[in-house]
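Observations on the model geometry
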Amino acid sequence: MRRLATAILDLVTGDGCAACGMPGPPLCDACTVALPGVGPATCCRCGHPWPVACAACPQCIAGLAWARQATRYEECVPQVVAALKDRGRRSLADPLAVVMVQRLRPPPPGAVLVPVPLAPRRRAERGFNQAALLAQALARHWGVAYAPVLVRDGGGPPQRGAPAAARRIQVHGAFRAVADVPLHCVLVDDVVTTGATLSAAARALRSAGCAGVGAVALARVALGALRTRVG
């Protein structure tokens, strides 16, 4: 019923599919199927796509036991993510979470989903945290717990487009726990680029007593050798 109501609302408002623009639901069936997969050859630890599968890779994210992503940040994915984040299309959170559920393994038993928080200024500007929307939808579909136990202090420049070194500096010490931290956490974010944000968030969870931290995200930016191969 919820997905039907969302589809009807998008049809009335004229938003349509965020990928192709066709009237109807926020992400049509054809575009959902067409979202690019990460591929069978990935890093077993961090899920980064490579021409050949590997146990670990240069893009592994410090502080995470594992990470997985449902799509590559290519083709129509940037457009869809921008519709969610920059155009405020919150109705995209549930269909994108469904894509993650269909393509990713559920969290280990006892793990709790923790959204990566936004800086207060960014949260106020946007009116919502897209990672929290995804995490809440994932928690419903997977039937697992959701706990927004982290906050992000300060503001700073946007991470989008910043080089890896700048990203690490910007997020160093930016996160802290404001509630009891579960023993096993799975961070949730929308897009993974260098992994600096997830690494900083994982560090904060571990400092607060978390024994193991994994992560799931909608999309992964392909870096290094793969970018050279695929263009």
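Preceding this paragraph is the structure being described.
A quick note: this is a predicted structure, and the numbers were derived from the prediction, not measured. (Residues numbered from 1 in each chain as written. Predicted model: local features only at pLDDT ≥ 70, side-chain atom pairs only at ≥ 80, totals over all residues. Heavy atoms only, no water.)

**Let's talk about the overall build of the protein**
Within the protein one finds nine helices and seven strands. A buried classification covers 51% of the 231 residues belonging to the protein. Partitioning the contacts of the protein with sequence separation of at least 6, the portion at a separation of at least 24 is 70%. If you sum the accessible surface of the protein, you get close to 10,800 Å²; carbon and sulfur atoms cover 58% of it. (Helix = DSSP H or I, 4+ residues; strand = E, 2+ residues; numbered from the N terminus. Buried < 20%, exposed > 50% of the residue type's maximum accessible area, 1.4 Å probe, protein only. Contact = heavy atoms within 4.5 Å. Areas by Shrake-Rupley, 256 points an atom, 1.4 Å probe, with all protein chains shown as cover.)

**Examining the layout of surface pockets**
Estimates place the volume of the second largest pocket at around 350 Å³. Counting residues per element, the lining of the second largest pocket draws most heavily on strand β1 (residues 66–72), at four residues. Split into classes, the residues belonging to the lining of the second largest pocket amount to nine nonpolar, four polar and three charged. (1 Å grid on protein atoms, 1.4 Å probe; cavity = no way out; pocket = protein on both sides within 12 Å on 5 of 7 lines; lining within 4 Å. Points joined across faces, edges and corners; volume = space filled by probe spheres on them. Nonpolar A, V, L, I, M, F, W, Y, C, P; charged D, E, K, R; others polar.)

**Section: the pairing of strand β7 (residues 212–220)**
β7 sits mainly inside the fold: nine of its nine residues count as buried. Where β1 and β7 come together, six bridges link them in parallel fashion. What sits directly across from Q69, in β7, is A217. Bridge count for strand β6 (residues 184–192) against β7 is eight bridges, and the pairing is parallel. (Pairing = 2+ DSSP bridges.)

**Brief notes about the sheet that holds β1**
If you walk across this open sheet you meet the five strands as β1-β7-β6-β2-β3, and the pairing is parallel. The sheet is open, and its two edges are formed by β1 and β3 (145–146), each paired on a single side. Together, β1, β6 and β7 form the strand contacts of helix α3 (residues 77–85), whose direction differs from that of β6 by roughly 110°. The strands touched by helix α4 (residues 93–103) within the sheet are β1 and β7, with β1 carrying the most contacts at an inclination of about 120°. (Axes fitted to C-alpha atoms, helices over the stretch in contact; angles between N-to-C directions.)

**Describing helix α8 (residues 196–207)**
Because the α-helix completes a turn every 3.6 residues, residues three or four places apart line up on one side. Taking 1.5 Å per residue as the helical rise, α8 with its 12 residues ought to reach 16 Å, and the 17 Å between its terminal C-alpha atoms agrees with that figure. Counted residue by residue, α8 has nine buried out of 12 residues, so it is predominantly covered. Buried within α8 are the following residues: A196, T197, L198, S199, A200, A201, A202, A204 and L205. Backbone geometry just downstream of α8 places G209 in the positive-phi region, at approximately 115°. (Expected span 1.5 Å × (residues − 1).)

**Details of unusual backbone geometry**
Non-glycine residue E75 carries a positive phi angle of around 55°. You can see E75 is positioned in the loop between β1 and α3.

**Focus: helix α6 (residues 130–142)**
In this model, α6 (13 residues) spans 18 Å end to end at C-alpha, consistent with the 18 Å of a helix rising 1.5 Å per residue. For α6, the full list of buried residues reads Q130, A131, A132, L134, A135, A137, L138, A139 and W142. One side-chain oxygen at the N-terminal end of α6 lies 3.0 Å from the backbone nitrogen of A131; it belongs to N129. Immediately downstream of α6, the backbone of G143 shows phi near 70°, a positive value. (Polar contact = N/O pair within 3.5 Å; in protein donor to acceptor, adjacent residues only side chain to side chain.)

Bear in mind that shape data such as this cannot, by itself, settle questions of function.
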